[in-house]
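Structural overview for review
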Amino acid sequence: MARILTVHVVSFAAESVRKRTERRRNPKVSFSESNIGNVRRLNEDFVFASEKPVGPLENLFLVADGMGGHQGGDYASRYTVEHMISKLASMETKSPIAAINDAILQINAELYEQGRMVEELQGMGTTLVAATISGSTLYVANVGDSRLYRISDHLKQVTRDHSWVEEMIREGRMTRDSAIYWEKKNIITRAIGAYERVTADFFEVELNPGDRILLCSDGLSNMVEDRQIEQILLKT
């Protein structure tokens, strides 16, 4: 299955008054797509896109990919996205990173406890990639192996996969063309709800007008190489 969300950055405002005007004119355009593929009968991915404010955030884009069996994986991804929205919406003024991190920690604790108490949900968890744009700055959070790419004149992965194979590669102990890479690629080392504690990675990126942002689950990144994604997005 693949869940894809793209954001096209049209323009930025340079002054406070103009910023409010540009915000009303919607300087960001988003599009989402889901494909269950030919293997699974249930789509365990969940997506959300709002170009309007959500709590202290000027906009919000989320992709989650569940794990832990059909029922648990679907529940974990849906719960995470829906409660990210509701928790952020009820927050008072906070920085984007602080707000997203607080919501992730709360949801992780809730899902982990539910997994302990409900037999059908034991072992569940979900990846999450979250993004928001304020002015010309993109704020990104990720847990697991769902990704965020920035497309300017070329494609660049912003997030870092929390997977066993990518950690081995970063340590110089494996290459992506090795057989074991594809055998072990689905082993993730961080997930929301899977463990009592979770740590999200955060990134800040300065954007340029015309940049595109792609959020996706591994249903896309496992099936389509980065160079192919780049070619497709640069043509659109």
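Everything below is about the structure shown above.
**Things to note about the nonpolar core**
- Formed by 27 residues in total, the largest nonpolar core has its most connected members in Met84, Leu88 and Ile104.
- For this core, the elements supplying multiple residues, two or more each, are strand E4 (60–67), helix H2 (70–89), helix H3 (96–117), strand E6 (128–134) and strand E7 (137–143).
- Per-element tally for this core: the top contributor is H3, with six residues.
- Every residue in contact with Met84, bar those within four places of it in the chain, is listed here: Leu62, Ile100, Ala103, Ile104, Ile107 and Leu128.
- Membership of the second largest hydrophobic core comes to 17 residues, among which are Leu5, Val7, Phe61 and Leu138.

**So, the side chain of Ser146**
- Topologically, Ser146 is positioned in the loop between E7 and strand E8 (147–151).
- Here Thr127 takes part through its side chain, which lies 2.6 Å from a polar atom of the side chain of Ser146.
- Setting aside its immediate chain neighbours within four residues, Ser146 contacts Asp65, Thr127, Val129, Thr159, Cys216 and Ser217.

**Remarks on the pairing of E6**
- Buried residues dominate E6, accounting for six of its seven residues.
- As judged from the three bridges shared by E4 and E6, these two strands associate in the antiparallel manner. Its bridge partner lying in E6, Phe61 is registered against Ala131.
- As paired strands, E6 and E7 are joined by seven bridges and run antiparallel to one another. The partner of Val129 across the bridge, within E7, is Asn142.
- Taking the residues between adjacent antiparallel strands as the criterion, E6 and E7 are bridged by two residues, where Gly135 takes a positive phi near 65°.

Parameters at a glance
Residues numbered from 1 in each chain as written. Predicted model: local features only at pLDDT ≥ 70, side-chain atom pairs only at ≥ 80, totals over all residues. Heavy atoms only, no water. Core = buried A, V, L, I, M, F, W, Y, C linked by side-chain atoms within 4.5 Å. Buried < 20%, exposed > 50% of the residue type's maximum accessible area, 1.4 Å probe, protein only. Helix = DSSP H or I, 4+ residues; strand = E, 2+ residues; numbered from the N terminus. Contact = heavy atoms within 4.5 Å. Polar contact = N/O pair within 3.5 Å; in protein donor to acceptor, adjacent residues only side chain to side chain. Pairing = 2+ DSSP bridges.

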